[in-house]
Amino acid sequence: MQHSVSPVIAEEGAVVGCFLVRPPRKIEVPLEGACGYIMRLADENRVGFVDALKLELALGTPAAWEVFKSQLDAARPRLTRIARYCPQCLATRGYWLDAWEVPLADACTECGRWLVDTCGSCAGRVTWRRRSLLHCDCGISLLAAPSVDAPPSAIALSRKLVARAQGRDAPIFSLLDGLSLNQCLHLCQFLAAVAGRTAYRKLRSVSELEQLDWSWNVATLAAAVLEDWPNAFIQSLQAWNAHAPEVLRGSLIRVFGRAYYALHADFQGPEFEFMRVAFGSYVAQYWTGSIAKRNRAVLSELSESMAWVPVAVAARRLRLTAKQVRSMVNKGEIPSESRLSQKGRRFIVINSQYLRDNASRLRPGYTLQHASRVLSLPESRMRHLVPMLCPEVQSPVNGGTWAIPVAWVEKLKELAVAAPLLTGKPPFRLCMVQTALRTKLTKNAAAAEMLRGLVSGRGLRYWRTKGNSTVGKLCLAWEDVCTLERSAASAGPTAISLPNAARKFGVKDEVIYALVRLGLLRVDVDRGRQRPTQYTTDRWIDLFRAEYVLGRDLANHFGRSPRYMAAWLARNGVSAVAGPDAGGCRQLVYRRGAVAVALGDVFGPGCTSLDTRVEDAIGEGS
Ligand SMILES: [Zn+2]
Ligand SMILES: [Zn+2]
């Protein structure tokens, strides 16, 4: 007759009395759930769930604290609004199982049927606010609700999650070992989004999983992926990519959106490493789109653990261009395998371990870009300086792409690291190598001399500053830089471009090009440029002037018209080595010796130079 007596509650919310009936919580296996226990207590004493909870909290029972805590923190998230249950097991046991209160554990761990959370009659949601433990508020027994078998993977997931919630381990889904219940729930939400191809959104609270019609879906999908890890995950990613709208294709970020970021933000801990490894395997095996620069940092970390990497990743590891790697693959220098993409395109993957074992052999050298970066030297200057300093370099000029010998780059790297550290303020002015190259040593000869000085350690004083240990950031004594600049200005031939040479001669550009073509004016070729460029020097110009003379200059010299001069020379047996009729040069060019001989024949053997006496003689002789 205990049920006829009401508990002593003075006003709502204030607990002043005690239960009349207080059965103990069922602690046999399976354990009675905390919410279920409070509900049973409320039912037997004919009070509401909230009042029973308050009374129990006042008494300090562990079950009450569990319910209360679950509303406050995530230590053990529980679903506290909706009461999920297994009609069959509720009927046979007569109490609420702890397992039913664990989010996403949607299959009954005892009988393997899906849990239910709605009344079989009125279809209303069964909550802890109802009046009776075993009845819906509509009066129908909860035990009458229909229930069906769940798939084995969902039952296994339930068992694992319940075990995690109860602080036990279960020998299934070992990927979840070591994860907290909360982490397990977030992971399942993620996997379900990938497998279900729904936009991934981070779980804000586990209450999002409390309605079974939604959470069944998540549990089923996640369980299926976990059951066949990582194959099912990789297949899901493939399917996701295959169903992505055409406009998004080709970009990892656009195709996978938040799910892609989640791998490196929401799941960044080492306990989730297995997910990044699986994603990396997917990328290595099936991703055919480009890998954007901004993804590369992330992917290089991923690719460390990939067994097979695409050409782009291999190229980055070998510090080669993708083109170089592809050509080595074609020549059979790197063993590879071929994969078929979604669209049926064949692509190449390379074994990671092979790359690691053979990196030094396969890597013929640094690319210009990479060498510039590791040395902190401007690429535009390196283009000219490397061929001057390092004859073994393979550059685009002598066929192929840049391959700067590793040893050469390493030597420069080492010398920068080994440089004395600058401490305190030096008594003289300093200049960083980069700055010297940019502003002071604009001539390649001077810049090359500086780098030679650094390598030989002679004639240059240099230091490294704290935190900077690349060649470009070494500090040189300003005085030494000035010395280099001066010596470069005085010594060494200065390259004179052919248009500048034309201005020096006072002739049109095409005349100079004709002189070069006819082999009269010597040129050198600057191969450091993107296109080999011809240039001449003061020395070659002096040599030309010692050997040849322009008809125009002779005419000016003797105060005659060019036409008259040409006729006089022709009359005396001197033919032009270049001219409109000789090699298509617009200016007449004579061999100085031949002119002198002709003059000597006419004016006597002593006259071998075009001096003023001869000038007078020509004037008289004409
Ligand atoms: Zn059951
Ligand atoms: Zn009902």
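Residues numbered from 1 in each chain as written. Chains lettered and ligands numbered in written order. Predicted model: local features only at pLDDT ≥ 70, side-chain atom pairs only at ≥ 80, totals over all residues. Heavy atoms only, no water.

A.B. asks: Describe the coordination of the zinc ion (ligand 2), naming the residues involved and giving the relevant values.
C.D. replies: Ligation of the zinc ion (ligand 2) by protein atoms is provided by Cys119 (SG), Cys122 (SG), Cys136 (SG) and Cys138 (SG), these donors lying 2.2 to 2.3 Å from the ion. Around the zinc ion (ligand 2), the four donor atoms are arranged such that angles at the metal cover 105 to 115°; this shape is classified as tetrahedral. With a relative accessible area of 39%, Cys122 lands in the partly exposed category. Residue classification places Cys138 among the partly exposed positions, given a relative accessible area of 36%. (Donors = N, O, S within 2.8 Å, 3.2 Å for Na, K, Ca; no water. Tetrahedral: all angles 85-135°; square planar, octahedral: opposite > 155°, others 65-115°. Buried < 20%, exposed > 50% of the residue type's maximum accessible area, 1.4 Å probe, protein only.)

A.B. asks: Run through the packing of helix 12 (residues 311-318) against helix 14 (residues 352-362), naming residues and quoting values.
C.D. replies: For the pair helix 12 and helix 14, the least separation of the axes is 10 Å and the interaxial angle reads 40°. Viewed along their axes, helix 12 and helix 14 adopt a mutual orientation that is oblique. Between helix 12 and helix 14 lies a crossing of right-handed hand. Within the contact between the two elements, helix 12 uses Ala314, Arg317 and Leu318 and helix 14 uses Ser352, Leu355, Arg356, Ala359 and Leu362. Within the contact of helix 12 with helix 14, the residues separate by chemical class into five nonpolar, one polar and two charged. (Axes fitted to C-alpha atoms, helices over the stretch in contact; angles between N-to-C directions. Helix = DSSP H or I, 4+ residues; strand = E, 2+ residues; numbered from the N terminus. Parallel < 35°, antiparallel > 145°, perpendicular 65-115°, else oblique. Left-handed = near helix turned anticlockwise from the far one by under 90°. Contact = heavy atoms within 4.5 Å. Nonpolar A, V, L, I, M, F, W, Y, C, P; charged D, E, K, R; others polar.)

A.B. asks: Which residues make up the coordination of the zinc ion (ligand 1), and what are the values?
C.D. replies: Distances from the zinc ion (ligand 1) to its protein donors, Cys86 (SG), Cys89 (SG), Cys108 (SG) and Cys111 (SG), fall within 2.2 to 2.3 Å. Classification of the site at the zinc ion (ligand 1) rests on its four donor atoms, whose angles at the metal span 98 to 117°, yielding the label tetrahedral.

A.B. asks: Got a sec to walk through the nonpolar core? Specific residues and values, please.
C.D. replies: Counting 56 residues, the largest nonpolar core has Phe190, Phe233 and Phe256 as the members making the most contacts within it. Breaking this core down by element, the ones donating at least two residues are helix 5 (152-165), helix 6 (181-196), helix 7 (212-227), helix 8 (231-243), helix 9 (252-264) and helix 10 (273-286). Of the domains in this structure, domain 1 (9-225) and domain 2 (239-362) are the two that each give at least three residues to this core. If we ignore the near neighbours within four places in the chain, the residues touching Phe256 are Leu237, Trp240, Asn241, Phe279, Tyr282 and Trp287. Among the nonpolar cores identified, the runner-up in size contains 40 residues, and Met382, Cys431, Val471 and Val481 belong to it. (Core = buried A, V, L, I, M, F, W, Y, C linked by side-chain atoms within 4.5 Å. Domains from an automatic or database assignment.)

A.B. asks: Explain helix 22 (residues 509-517) to me, using residue names and the numbers behind them.
C.D. replies: What sets the pattern is the α-helix's 3.6 residues per turn: residues three or four places apart point alike. Buried within helix 22 we find Val511, Ile512, Ala514, Leu515 and Val516. Looking at the buried residues of helix 22, the elements they touch are helix 21 (498-505), strand 9 (533-536), helix 23 (538-547) and strand 11 (589-591). Gly519 sits one or two positions beyond helix 22 and adopts a positive phi of about 75°.

A.B. asks: Provide a residue-level description of the packing of aromatic side chains, including the pertinent values.
C.D. replies: Scanning the entire structure with this criterion turns up 20 aromatic pairs. Aromatic side chains Trp96 and Trp100 sit 5.8 Å apart centroid to centroid with 80° between the ring planes, which places their arrangement in the edge-to-face category. A residue is classified by how much of its surface remains accessible, and Trp100, at 1% relative accessible area, is buried. Plain terms: the ring middles of Trp229 and Phe274 are 5.4 Å apart, the flat faces sit at 75° to each other, and that makes the pair edge-to-face. Pair noted here: Trp229 is in the loop between helix 7 and helix 8 and Phe274 is in helix 10, with a separation of 45 residues, a long-range link. In this structure Trp229 comes out as buried when scored by relative accessible area, which is 18%. Residue classification places Phe274 among the buried residues on the basis of a relative accessible area of 17%. (Phe/Tyr/Trp six-rings, centres within 6.5 Å; stacked < 30°, edge-to-face > 60°.)

A.B. asks: Give me the side chain of Ser132: which residues, what numbers.
C.D. replies: Mapping Ser132 onto the fold places it in the loop between helix 4 (87-93) and helix 5. At 3.3 Å, the side chain of Ser132 forms a polar contact with the backbone nitrogen of Leu134. Those residues in contact with Ser132 that lie beyond four places of it in its chain are Met39 and Asp43. (Polar contact = N/O pair within 3.5 Å; in protein donor to acceptor, adjacent residues only side chain to side chain.)

A.B. asks: Which residues make up the state of the cysteines, and what are the values?
C.D. replies: In total, this model carries zero disulfides according to the counting rule given. Cys431 supplies the cysteine sulfur nearest to Cys482, a cysteine that is in no disulfide, at a spacing of 8.2 Å. Judged by relative accessible area, Cys482 falls into the buried class, the value being 14%. (Disulfide = S-S within 2.5 Å.)

A.B. asks: Now, about the sheet that holds strand 5 (residues 462-463): what can you tell me, with residues and values included?
C.D. replies: Spatially, three strands are ordered 4-6-5 in an open sheet, and the strand pairing comes out antiparallel. Only two strands of the sheet have a single neighbouring strand rather than two, namely strand 4 (430-432) and strand 5. (Pairing = 2+ DSSP bridges.)

A.B. asks: Got a sec to walk through the pattern of salt bridges? Specific residues and values, please.
C.D. replies: Evaluated as defined, the whole model comprises 22 salt bridges. Between Glu110 and Arg93 there is a salt bridge, and its shortest N-O distance comes to 3.5 Å. With Glu110 in the loop between helix 4 and helix 5 and Arg93 in helix 4, this residue pair connects regions lying 17 residues apart in the sequence. Residue classification places Glu110 among the partly exposed residues on the basis of a relative accessible area of 35%. Residue Glu510 is joined to Arg586 by a salt bridge in which the shortest nitrogen-to-oxygen separation is 3.1 Å. Placement of the pair is Glu510 in helix 22 and Arg586 in the loop between helix 25 (562-571) and strand 11, with a sequence separation of 76 residues. Using a relative accessible area of 53% as the deciding quantity, one classes Arg586 as exposed. One network of salt bridges, in which partners are shared, links Lys160, Arg164, Asp169 and Asp177. (Salt bridge = Lys/Arg side-chain N within 4 Å of Asp/Glu carboxyl O.)

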